[in-house]
Amino acid sequence: MLAPSRDQAPVTDFLSSLPLTASRRALALARVLALLVGLGPLAAHAQAAGTAVRPLVATVATPSASRPNVTLRWIRLGNPQAPSLLQVPPECQVRSCPLVVVSHPRAQDAARLRDSAQVGKISQALLAANFAVLLSGDGGVNTWGSPAALREVAQVHREATSRFRWNSRTYALGLSMGGLLSLRSALPDSPYAVRGVALIDAWVSLRGAWGSAVSRQREIGKAYGLTVPPTPALDPLPLAQRLAPVAPLPLFLAYSPTDTVVSPHKNAELLIPRAEPGVSEIVRLSGPHLGGNRFSPQMIARLLGFYQGLEQRAIARQHKEFPPALPAPAVQRSQTGTVPKS
């Protein structure tokens, strides 16, 4: 489960299942798909040019009924001090697939995300729909979306996308503190391109986080090397606000007006006018920070639908720009073997 931290109210994981042994994994994925009625796997048709696919070397997983996500075969990547974990659907070794980068809450890490039954349910739904999943180490437990953290994730992203047939499209999911890095990765000058961002109870205002508590101020100061409040140039919220009139962001925003940890009025709600119409989704929930209803089957279906909708749009645009070659017209010949004149 997502462990309670100083930045997070206690939450209760509600997903439980039998241990996913090798023989049960297919059945478990089928059950996840059954929960997400109507949202079957999305075929990714584009091939990433020049992608070298490296063999998978998976970490050893210990089955646990209370931690079903642990039984998936995660690949350890990046800095050993703050490792990231990659899971690739088998299908993505033979056809191209997108990647979802998941950024963790404060005082958490990739292993906590892996061990969480809640996040595990999201991971399993994405994997069943042929999205590779990268549980990001974010450069450390309390990096608050810093430039150093973003550079670290970019390096891991390069390594991750060399491990499978990546279709060149990456999406982000930010939980609580992870919202800062996820949002920043989708803005100009990010070292890797992100096509859409999902934010759940997320911080998006760095300066707001700085002013919210002395403990957060100390952590942000350490992560950014600051002794004074961060400038707007370091804060992804004003950057997103300036960008939106020219290029609005595809956003999935889930938040609760009663969240007492991350104020939605100073974070998620300020992004709503910047969301791209037609593809974005705003979900108002009730209850505490990172409460169980953020990870219900209905919510996960909507989250998966957001990513699948962006994939469908990207594929449609690609086919419009590069239509598949048409078969050569059949030439009807006369009995004498000459081509009839038109």
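Above this text you will find the structure in question.
Bear in mind the structure is a predicted one, so any value in this text is a computation, not a measurement.

**Focus: empty space enclosed by the protein**
One pass over the full model with this rule turns up two cavities of 30 Å³ or more. In this structure, the largest cavity encloses a volume near 40 Å³. Around the largest cavity sit Asp201, Ala202, Tyr255, Ser256, Asp259, Val262, Ser263, Pro264, Asn267 and Ala268, which together line it. The space that makes up the second largest cavity amounts to roughly 30 Å³.

**Observations concerning the pairing of strand 3 (residues 97-103)**
Counted residue by residue, strand 3 has seven buried out of seven residues, so it is predominantly covered. Relative to strand 5 (residues 166-175), strand 3 runs parallel, the two being bridged by six bridges. By the bridge assignment for strand 5, serine 103 is matched with glycine 174. Pairing geometry for strand 3 and strand 4 (residues 132-135), over four bridges, is parallel. Across the sheet, the residue bridging to valine 101 is leucine 134, located in strand 4.

**A closer look at the pairing of strand 2 (residues 84-87)**
Neither face of strand 2 is left uncovered, since the one carrying Ser84 and Leu86 and the one carrying Leu85 and Gln87 both have all their residues buried. Note that strand 1 (residues 75-77) and strand 2 share three bridges and pair antiparallel. Along strand 2, the bridge assignment pairs leucine 77 with serine 84. Pairing of strand 2 with strand 4 involves three bridges; the strand directions are antiparallel. Along strand 4, the bridge assignment pairs leucine 86 with leucine 134.

Parameters and conventions
- Residues numbered from 1 in each chain as written.
- Predicted model: local features only at pLDDT ≥ 70, side-chain atom pairs only at ≥ 80, totals over all residues.
- Heavy atoms only, no water.
- 1 Å grid on protein atoms, 1.4 Å probe; cavity = no way out; pocket = protein on both sides within 12 Å on 5 of 7 lines; lining within 4 Å.
- Points joined across faces, edges and corners; volume = space filled by probe spheres on them.
- Buried < 20%, exposed > 50% of the residue type's maximum accessible area, 1.4 Å probe, protein only.
- Helix = DSSP H or I, 4+ residues; strand = E, 2+ residues; numbered from the N terminus.
- Pairing = 2+ DSSP bridges.

Scope: geometric values only; no functional claims are made or implied.
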